[in-house]
Amino acid sequence: MSIQPNRTEGDVNLSSAREQWYAVLDDPATVELLKQDADYFLHQSLSTPCLDVLESCEGIYITDLQGKKYMDFHGNNVHQIGYGHPLVVERVKEQMDKLPFSPRRYTNEPAINLAKKMADLLPGDLKRVLLAPGGTSAISMALKLARVVTGKHKLVSVWDSFHGASMDAISAGGEMDFRKDLGPLLPGVERIPPPMTYRGPFSSAENGDLAYADYLEYVIEKEGDIGAFLIETIRNTDVQIPSQAYWDRIRQICDKHQVLLILDEIPIAFGRTGKMFAFEHYQIEPDILCLGKGMGAGVIPLAGIVTRERYNLAANISLGHFTHEKSPLGCVAALAMLEVLEKEDILTKVKEDEGYMRSALKALQDKFPLIGDVRGKGLLWGIELVTDRQTKEKAIREAEAVMYGCLANGLSFKISQGNVLQLCPPLTIGRTELQMAITILHDALQKVSDIEGKVS
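Trainee: Whenever I open this one, the sheet that holds strand β5 (residues 154–158) confuses me. Can you help?
Mentor: Remark on secondary structure: sheet strands pair via backbone hydrogen bonds, oriented parallel or antiparallel. Strand order in the open sheet formed by seven strands is β4-β10-β9-β8-β7-β5-β6, with mixed pairing between adjacent strands. Whereas interior strands pair on both sides, the edge strands pair on one side only; in this sheet they are β4 (126–132) and β6 (189–192). On average, adjacent strands in this sheet sit at an angle of 20° to one another, irrespective of strand direction. The pairing of β5 with β6 spans four bridges and is parallel. Directly across from L155, in β6, lies its bridge partner V189. Lying over the sheet, helix α9 (residues 244–256) contacts β7 (226–232), β8 (260–264) and β10 (303–308), oriented at roughly 160° with respect to β7.

Structure below.
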């Protein structure tokens, strides 16, 4: 059976460029371990086969068996404060000696302290917390709670969205690679196009993205019985940043039709965009907020939801009930992560870094016609590569070549939608390291552009 490489989310794992990459990895131990990984793990799209074998990680770096260091500008979005932050490691070790696990019928002080901290950080009556061992589980709890609160099972989400890999999460998501060949999924899900300005069915420089918001109301009125709208505040993978007008209209529509607004900030909360939570950029509030990934500080898996006080209505239903629901280890890791963000004034730093990244990436766009669009906020950036700026044809092969060129020189990131380079470094990264990353990216773009120029 012929397997077609996935070209929508993540790296193109089965391409000729990947095969050429393996030819560079001539270390016998690395080659053998990659073979064993392929022999023992179930193969799946997006993560099989693996790129390399890691031995250690620290700060902004991941290091392979041969001692090669990569600046990690992907990190599965868990590395807001870098890898192995000393304070996080210290707190987790201390907790290991006291209470490494808390059975579900009991509570513990770290869990209570984290819930209180979350309530203090969030505005309005977003005060009720429920924890989970992963982001997918947080989405599941949010969907259940929305049904309880509204009495309606129908949901609107957006195409190309990713909200987790469980059956209910992929039912709500819009990424085909997770749903194909699986048959019937959760009923009652309607999808609308995501807000975009560079490309998309309603996109135009003149009209912005407001038509995407209006389409939500159209679907709600035509379909009826919609209980919730699930969407990322800012789309993480290919960095789609809605306008203020979009979010004002969305909040208005949800209020008008008694639809709960569920914001998925699992990959981008905790400072990624220069605010603790991305929705703070828009002066709106969600009805349910989903959190995860960086919440566990890259050490312990932890996620959760926060909702309004008045939605504490599910006392007779098990919304979560997960074995590691109130993980003491996860909670002390999360508290330490938040302490680092606050004490080291990371949010101010990220806002300053945003200015540098905007200027540096705009300079690359001015130099290389291959770059069709640059968009970002804080330390979340997307560089969309096109073969022609007029037609906006996706430069898929070129994006792949740039990625492997960067990997060869110690910069790791992911590709989204086949042609968007997504840059997502630890928030603790220094300016010198950011400049090094931009230089590596410049050199890779230059090499690919030179090759394309010779071919044409």
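Trainee: Could you clarify how one ought to interpret the sheet that holds strand β1 (residues 54–58) in this entry?
Mentor: Taken in spatial order, the four strands make up an open sheet running β1-β2-β3-β13, and their pairing is mixed. Looking along the sheet, the strands with just one partner apiece sit at the ends: β1 and β13 (411–412).

Trainee: Would you take a moment to explain the side chain of D52 for this structure?
Mentor: Here D52 is to be found in the loop between α2 (28–40) and β1. The charged side chain of D52 is buried without a salt bridge, its nearest counter-charge being K68 at 6.4 Å. Look past the residues within four positions of D52 in its chain and what remains in contact with it is L25, T30, L34, D64 and Y70.

Trainee: Explain the pattern of salt bridges to me, please; I cannot follow it from the model alone.
Mentor: Close approach of charged atoms allows side chains of opposite charge to pair. Across all of its chains, the model carries 25 salt bridges by this definition. The residue E339 makes a salt bridge to R91 at a minimum N-O spacing of 2.9 Å. One end of the pair, E339, is in helix α10 (residues 328–343); the other, R91, is in helix α3 (residues 86–98), with 248 residues separating them in the sequence. Taking relative accessible area as the criterion, E339 reaches 18% and is therefore assigned buried. Under the relative-accessibility criterion, R91 is labelled partly exposed at 26%. A salt bridge links D255 to R251; the shortest N-O distance between them is 2.8 Å. With D255 and R251 both in helix α9 and four residues apart, this pair spans about one turn of that helix. In this structure D255 comes out as partly exposed when scored by relative accessible area, which is 46%.

Trainee: Help me understand the packing of aromatic side chains in this model?
Mentor: One pair of aromatic rings is described through two measures. These are the centre distance and the angle between the planes. According to the stated counting rule, one finds nine aromatic pairs in the structure shown. Pairing W21 with Y404 gives two aromatic rings, centres 6.0 Å apart and planes at 35°, and the pair type is tilted. One end of the pair, W21, is in helix α1 (residues 16–24); the other, Y404, is in helix α12 (residues 396–408), and 383 residues separate them in sequence. Y404 matches W21 in its accessibility class, with the two residues each being buried. An aromatic cluster of at least three residues, connected via ring pairs, comprises F202, Y212, Y215 and Y218.

Conventions and cut-offs
- Residues numbered from 1 in each chain as written.
- Predicted model: local features only at pLDDT ≥ 70, side-chain atom pairs only at ≥ 80, totals over all residues.
- Heavy atoms only, no water.
- Pairing = 2+ DSSP bridges.
- Helix = DSSP H or I, 4+ residues; strand = E, 2+ residues; numbered from the N terminus.
- Axes fitted to C-alpha atoms, helices over the stretch in contact; angles between N-to-C directions.
- Contact = heavy atoms within 4.5 Å.
- Buried < 20%, exposed > 50% of the residue type's maximum accessible area, 1.4 Å probe, protein only.
- Lys, Arg positive; Asp, Glu negative; His and termini not counted.
- Salt bridge = Lys/Arg side-chain N within 4 Å of Asp/Glu carboxyl O.
- Phe/Tyr/Trp six-rings, centres within 6.5 Å; stacked < 30°, edge-to-face > 60°.

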